[in-house]
Amino acid sequence: MSEMINNRELKAMDPEKRKVMLKQLFKDLHDGKNVNEVKAHFDAFIGKITIDEIAGLEHVDLAEGDLSVAEMQRIYSAHSEMFKGAIEQTYSMNGPEHQPGHPVHTFEMENREIEQLLQNRLRVHLEQFAIEDSTENIHLLLEDCSLLYDIDKHYSRKENLIFPYLEKYGIYGPTTNMWRIDDFIRDGIKLAKQKLASYDGDKNAVIEEVQFVFKEVNEMIYREENILFPMALQNFTEDEWVKTARESDEIGYCLTAPEEEWKPARKHIDTDAISEGYIKMETGILSLKQLELLLNHLPVDITFIDQDDVVRYFSHGKERIFARTKAVIGRTVQNCHPPRSVHVVEDLLRDFKSGKKDTEDFWIKVRDKFVYIRYFAVRDEDNQYIGTLEFTQNIDPIQAIVGEKRILS
């Protein structure tokens, strides 16, 4: 009886005490304590948890240099296991998220397609492959993995459209932790495809990789629909959902597409019009409209971040190499990159700010393009650092040039 009274008291404890206890339970998971034991304490002393409480938990920064990929995956899975069945749902049956075209409706529609692919194809073909690793079964499994990699668009929309607005409201946990898991899944699908494409008879290696992907994708669907989307719905304004819906087309959709354009209750959303004013520069005068068109017609992608590492502008040409959405404007550049590459960005900016470097170049293959990426430290007339310019160009056409072509020829 006394134990029951204590439990009631703990469940009715004030928010600060609950927060302290939740943080301790998280720490126990990170320290390797048995998941079932921690969950038993959670169920007994916390019971139910709200989206606000999850958002309010200070996210744990898991430095990749300190923890192995397997250890990070263990911790993320433990988080999900602890919350399962305990989250107080806030979805409204009549909310706009149930309307075709709303970003959450589209995300969840994609999740149903992903589940169908996992259950009706990938699982079946993996079982067939486990029995007989014939050429046909290898091909079927490879085809499934190729289809599943369409999930990259689903995750990219989440990372480039949902995460920036969450950060605006001071919610950073999903930005760091969920993005890392997205990358684990992407890498897992790629590795499974590689093992199948160059299959050498190591059946167990293929099975383990595909099973990992199967498990992680399903767990990500749970995290999105029970934590991420409710968190976003609780915070985003209608304007932010409209902007998210409008910019989703640029990144693309996974296995399906919105049934129709979402039309919110408000018939008209005001947008900032381009001023008809002019800008006088040292070497000429342009209207804002002319300047924007000029920048968008350059055969390169340009992005500018200011001295505080905040993205202030990007050009919007017809054939961008890397997806950019307006949601990144006002966001720190560190939060626009996958967590595992943030240290490279920070090292580069540190060198620019200190004056150690003025430029840095990279060149990589991106699908069918050979991409040249250049970074320039932008300094004023007093040599003070005011930001960084990113300059990205597909140089395949340039590399293909031979001979000469003169203006008068």
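See above for the structure.
Nothing here was measured: the structure is a model prediction, and the numbers come from that model.

**Considerations on the overall build of the chain**
Then step 1. Helix and strand counts for the chain come out as 14 helices and 7 strands.
Then step 2. Per-residue burial over the chain gives 43% buried out of 409 residues.
Then step 3. Of the roughly 22,700 Å² of accessible surface on the chain, a fraction of 52% belongs to carbon and sulfur atoms.

**Some remarks on the sheet that holds strand β6 (residues 369–379)**
Then step 1. With respect to topology, 5 strands assemble into an open sheet ordered β4-β3-β7-β6-β5, the strand pairing being antiparallel. Only two strands of the sheet have a single neighbouring strand rather than two, namely β4 (311–314) and β5 (359–366). Each strand of the sheet is rotated relative to its neighbour by a mean of 15°, with strand direction disregarded.
Then step 2. Here 9 bridges tie β6 to strand β7 (residues 385–394), and the two strands are oriented antiparallel to one another. Its bridge partner lying in β7, F376 is registered against L389.

**Some thoughts on the layout of surface pockets**
Then step 1. What the largest pocket holds in volume is close to 1,600 Å³.
Then step 2. In terms of lining, the largest pocket is formed by 41 residues, of which the most central are F322, A323, R324, C336 and P338.
Then step 3. By residue class, the composition of the lining of the largest pocket is 22 nonpolar, 6 polar and 13 charged.

**Describing unusual backbone geometry**
Then step 1. Here D309, not a glycine, exhibits a phi torsion of approximately 70°, which is positive.
Then step 2. Structurally, D309 can be placed in the loop between β3 (301–306) and β4.
Then step 3. Relative accessible area serves as the criterion here: at 9%, D309 is assigned to the buried category.
Then step 4. At R367, a residue that is not glycine, the phi angle is positive and equals roughly 55°.
Then step 5. Position of R367 relative to the elements: it lies in the loop between β5 and β6.
Then step 6. Residue class for R367 comes out exposed when judged on its relative accessible area of 64%.

**What about helix α8 (residues 151–168)?**
Then step 1. Helix length check: α8 (18 residues) gives 25 Å between terminal C-alpha atoms against 26 Å at 1.5 Å per residue, within 8%.
Then step 2. Along α8, the helix axis deviates most sharply at I162, where the bend reaches about 35°; the proline P164 sits within four residues downstream.
Then step 3. Burial within α8 is extensive, with 15 of its 18 residues counted as buried.
Then step 4. Downstream of α8 by one or two residues, G170 has phi in the positive range, about 80°.

**What to know about helix α13 (residues 342–354)**
Then step 1. The first and last C-alpha atoms of α13 sit 18 Å apart over 13 residues, in line with the 18 Å expected at 1.5 Å per residue.
Then step 2. Every buried residue belonging to α13 is among V342, V345, L348, L349, D351 and F352, and all of these are buried.
Then step 3. Contact partners of the buried residues in α13: β3, β5, β6 and β7.
Then step 4. Phi for G355, located one or two positions after α13, is positive at around 90°.

About the criteria used
Residues numbered from 1 in each chain as written. Predicted model: local features only at pLDDT ≥ 70, side-chain atom pairs only at ≥ 80, totals over all residues. Heavy atoms only, no water. Helix = DSSP H or I, 4+ residues; strand = E, 2+ residues; numbered from the N terminus. Buried < 20%, exposed > 50% of the residue type's maximum accessible area, 1.4 Å probe, protein only. Areas by Shrake-Rupley, 256 points an atom, 1.4 Å probe, with all protein chains shown as cover. Pairing = 2+ DSSP bridges. Axes fitted to C-alpha atoms, helices over the stretch in contact; angles between N-to-C directions. 1 Å grid on protein atoms, 1.4 Å probe; cavity = no way out; pocket = protein on both sides within 12 Å on 5 of 7 lines; lining within 4 Å. Points joined across faces, edges and corners; volume = space filled by probe spheres on them. Nonpolar A, V, L, I, M, F, W, Y, C, P; charged D, E, K, R; others polar. Expected span 1.5 Å × (residues − 1). Bend = angle between axes of the 7 residues up to and from the residue. Contact = heavy atoms within 4.5 Å.

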